[in-house]
Amino acid sequence: MAIARVEPLTTARALRGPFDYALPDRLAHVDIGSVLLVPFGPRRLLGVVVDVAESSELDPSRLVEPVRAIAAGVTPELVRLGQWVGHEYCSTAARGLELVLPPGTVSRGKPPPPKLELRAEITPAGGAALDGAVRLGARQREVLGRLDDAGAELTAIDLGVDRAALRRLQDRGYVSLREVPVNRRPEVPVVGARSERVELNPDQRAAVDAIVAGLDGRGRELLLHGVTGSGKTEVYLAAAEAALERGRGVIALVPEIALTPQTLGRFRARLGEQVALLHSRLTPGQRRDEWTRLRSGEARVAVGPRSAIFAPIDALGLVIVDEEHEASYKQEGDPRYDARDVARHRARGAGAVLVAGTATPRPESWLTMERIELPTRADGRSLPDVEVLDMRGLPGSAGPLHPRTREALVAAAGSGGKAIVLVNRRGWAPFLDCRSCGHAFGCPRCDVSLVVHSGELRCHHCGHREAAPEACGECGSVTLAQHGAGTERAERIVADLVAPHPVFRLDSDTAAGSGAHAEILSRFERAESGILLGTQMVAKGHDFPDVTLGVVLDADATLRFPDFRAEERTFALIAQLAGRSGRGAGDGRVLVQTLAPEAEAIRHAARHDASGFLEGELGRRQALMYPPYAHLVRVELSAPEEPKAQAGAELAARELAPRLSEGAQLLGPAPMFRRRNRYRRQLLVKSDDRVAAVSAVRDTVDAITRELRSKDVALAVDPDPS
Ligand code: ADP
Ligand code: ZN
Ligand code: ZN
């Protein structure tokens, strides 16, 4: 008797499959990747078939049958990928498998139904009726007449009648009807999308040749290091065409849908209907239909953010990771997978080529991947001059703009040009305190300062809001001081400076609604002149030819994060912003305001020197045993009371230490700031053996989950934290 090994889709960590079920003849079609509804104790659960076998180790009389099979499932390749993700990221098989299933399988119990369209065709009887043999209403005569003229199927909408009218004609035998599934296709934003084909320059040609050699061989892993505007996207498009010509499918990952309308538009414009979009802002119906187009092979190119790495594409030939340095490739919820590593794993399994493209590579990629360089801009122009402005020693009354920044902004706007201004913090001012007693206004639920927004104070970690105080709650003084400038305040200052030229603010407050982000960018694009001002979003993805000035207001804000990636992030942010300036005609210029002009990240970014920065950064990482020279696994423990969090962390450390292999280090428990009323501690494992470190953590989690839960302590594991 055939046996299906089924992994139940449940969040319970203890319920680890697979479990055996007997397959009766009615379920003979069930195979690896099928989704089944199975009895599980008193309950019924959805499960994924991860294996089929001839026999079970269990007594056949004890095996039960699945209730039924649910719609189409996925391929064995994707089942293995889902299992791998669950395992690799210390999660469960169920959580990993959920990522590869048809959209809607888990959240709704089944994928949303297809949308059906009713199509009518005239029958011979209908033709005869039209010829006058029978009496017909005027409306019916008109409908039959149009079907007769068309000589083909028409829909109710084409005919301008309702479905009931068509059903009545069908009842009389005058038309035949059928329901046809139609695809719900997402719209693609058209910010700056171009479809015309360019003649590749020799560097681009060499890059495409390297990719094609990998396609014709057994795969390859390439880092495409190209300055912004060097024509990386053109390389992706040519490589995708080469893969398609060879019958191979393509996945192109972009960091975030809202930040990459242009890339998206260019794929669609060049490769047409073969491109399917997969992302969370689609309607459930659109997601299902785009997924189904890929599954059926009608579409062969999947474009989307990190989860698109799980697209159902057979004979995968090419995986592109655009802007590979972006932190959004790391998933924040369980499983905390890194789409770049999943991409590498999947590409290896499929013998596909992996291409990671960026102007600011990660140290990991720089060290481990074969490199192809696009050293110049495609339009042959040079990169803008970057000037570092030292903000130390400026009087506080000078405000957040350096005098040279003020001059440059006025000059740019006055000459009808455009500028981009990057401010690292949103809101009006990042801190508020009392001049008399020094009381700092903090969040009641988190140990962080509240950010001043217009008229209120907000916590950027938990969403807490309160009215802006008129006086200090501690001493009653009314002399409250705001420190620093967020996007709101910077917007006001810059707007006053460049009036009447417009300022467009882009941050998560102004770009909250769907489409708002693209709308702000396109208003900036259409404007005669003006300033685009905002958070990191302004430095990403888009390509405006008439921007001549870039400004970073507080370049060291990202440097002060207590994080081994602080330098890397700062370098990337400045270099990316510099890349947005001076495209098209006119010379570009970039001003970087900072309190730390000597910082490595800032000095190298000012010279557009990625390789110089990376060589130094790799040396530092090696000395401190940080990635890519070691692997990290972070374990976070949190509880509503501080002693519980501490006790939980100590328990975890006690259990974990003896499980670690020699040469691995365990750091902590270290306190983290309280968030959402939860006290937190973290443990950090550093090891040169990733597999051993992850499995030690996994075993620890399995051993103590129950005890932690009984003590109100929550645990989260983050392998390869970023
Ligand atoms: P990147 O992705 O590296 O930022 P893009 O592919 O967006 O670069 O190219 C930047 C600009 O240069 C685009 O407008 C693109 O159409 C143009 N471009 C790219 N390659 C060429 C080429 N070989 N010849 C002419 N223009 C090109
Ligand atoms: Zn006070
Ligand atoms: Zn808070």
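Here's a quick rundown of the structure. (Residues numbered from 1 in each chain as written. Chains lettered and ligands numbered in written order. Predicted model: local features only at pLDDT ≥ 70, side-chain atom pairs only at ≥ 80, totals over all residues. Heavy atoms only, no water.)

The next point concerns the packing of helix α7 (residues 202-216) against helix α8 (residues 232-245). Where α7 meets α8, the closest approach of the two axes is 9 Å, and the angle between their N-to-C directions is 30°. Taken together, the axes of α7 and α8 lie roughly parallel to each other. Handedness of the crossing formed by α7 with α8: right-handed. Contacts between α7 and α8 pair Q204, A207, V208, I211, V212 and L215 from the former with E234, V235, A238, A239, A242 and A243 from the latter. Grouping the constituent residues of the contact of α7 with α8 by class yields 10 nonpolar, one polar and one charged. (Axes fitted to C-alpha atoms, helices over the stretch in contact; angles between N-to-C directions. Helix = DSSP H or I, 4+ residues; strand = E, 2+ residues; numbered from the N terminus. Parallel < 35°, antiparallel > 145°, perpendicular 65-115°, else oblique. Left-handed = near helix turned anticlockwise from the far one by under 90°. Contact = heavy atoms within 4.5 Å. Nonpolar A, V, L, I, M, F, W, Y, C, P; charged D, E, K, R; others polar.)

Moving on, we come to the pairing of strand β4 (residues 43-53). Note that strand β1 (residues 3-8) and β4 share six bridges and pair antiparallel. By the bridge assignment for β4, R5 is matched with D51. Bridge analysis of strand β3 (residues 35-40) against β4 gives six bridges, and the strand direction is antiparallel. In the sheet register, L36 faces β4, and the bridge partner there is G47. Connecting β3 to the antiparallel partner β4 that follows it, the hairpin turn spans two residues, and G41 within it adopts a positive phi of roughly 55°. (Pairing = 2+ DSSP bridges.)

What follows covers the pattern of salt bridges. Taken as a whole, this structure holds 55 salt bridges when the rule is applied. The shortest N-O distance in the salt bridge between D209 and R205 comes to 3.8 Å. Here D209 and its partner R205 are both found in helix α7, four residues apart, which amounts to about one turn of the helix. One salt-bridge network, in which partners are shared between bridges, spans E364, R565, E568, E617, R620 and R621. (Salt bridge = Lys/Arg side-chain N within 4 Å of Asp/Glu carboxyl O.)

Here the focus is the coordination of the zinc ion (ligand 3). The protein atoms donating to the zinc ion (ligand 3) are C443 (SG), C446 (SG), C459 (SG) and C462 (SG), with metal-donor distances spanning 2.2 to 2.3 Å. Every donor counted, the four donor atoms about the zinc ion (ligand 3) form angles of 105 to 114° at the centre, which fits tetrahedral coordination. Between consecutive donors of the zinc ion (ligand 3), the numbers of intervening residues give the motif C-x2-C-x12-C-x2-C. Of this pair, C443 sits in the loop between β18 (431-434) and β19 (451-453) while C459 sits in the loop between β20 (456-458) and β21 (465-467), and the two are 16 residues apart along the sequence. Accessibility assignment for this pair places C443 and C459 in one class, buried. (Donors = N, O, S within 2.8 Å, 3.2 Å for Na, K, Ca; no water. Tetrahedral: all angles 85-135°; square planar, octahedral: opposite > 155°, others 65-115°. Buried < 20%, exposed > 50% of the residue type's maximum accessible area, 1.4 Å probe, protein only.)

By the criterion of burial, strand β24 (residues 530-534) is predominantly enclosed, with five of the five residues buried. Here β24 shows two buried faces, one formed by G530, L532 and G534 and the other by I531 and L533. Bridging between strand β17 (residues 418-422) and β24 involves five bridges; their strand directions are parallel. If you follow L422 over to β24, its bridge partner there is G534. Alignment of strand β23 (residues 503-506) against β24, held across four bridges, turns out to be parallel. Across the sheet, residue V503 finds its bridge partner in β24, namely I531.

This paragraph deals with the coordination of the zinc ion (ligand 2). The coordination sphere of the zinc ion (ligand 2), as far as protein atoms go, consists of C434 (SG), C437 (SG), C472 (SG) and C475 (SG), spread over 2.3 to 2.4 Å. One can describe the donor arrangement at the zinc ion (ligand 2) as tetrahedral, given that its four donor atoms subtend angles of 104 to 114° at the metal. All donors of the zinc ion (ligand 2) come from a single chain, and their spacing in sequence reads C-x2-C-x34-C-x2-C. Remark: C472 occurs in the loop between β21 and β22 (480-483) and C434 occurs in strand β18; sequence separation between them is 38 residues. Since its relative accessible area comes to 3%, C434 is described here as buried.

Moving on to the site of ligand 1. The full set close to ligand 1 counts 17 residues, and E199, Q204, K232, T233 and R266 are the nearest of them. K232 is positioned with one of its backbone polar atoms (N or O) 2.8 Å from an oxygen atom of ligand 1. For ligand 1, the protein covers 78% of the area, taking 560 Å² as the surface of the free molecule. When its residues are assigned to classes, the shell around ligand 1 shows four nonpolar, six polar and seven charged. (Near = heavy atom within 4 Å. Polar contact = N/O pair within 3.5 Å; in protein donor to acceptor, adjacent residues only side chain to side chain. Areas by Shrake-Rupley, 256 points an atom, 1.4 Å probe, with all protein chains shown as cover.)

This part takes up the sheet that holds β21. The three strands are arranged β19-β20-β21 in an open sheet whose pairing can be described as antiparallel. Every other strand in the sheet has two partners, leaving β19 and β21 as the edge strands with one partner each. This sheet shows a mean twist of 30° between the axes of neighbouring strands, independent of strand direction. Examined bridge by bridge, β19 and β20 share three bridges and lie antiparallel to one another.

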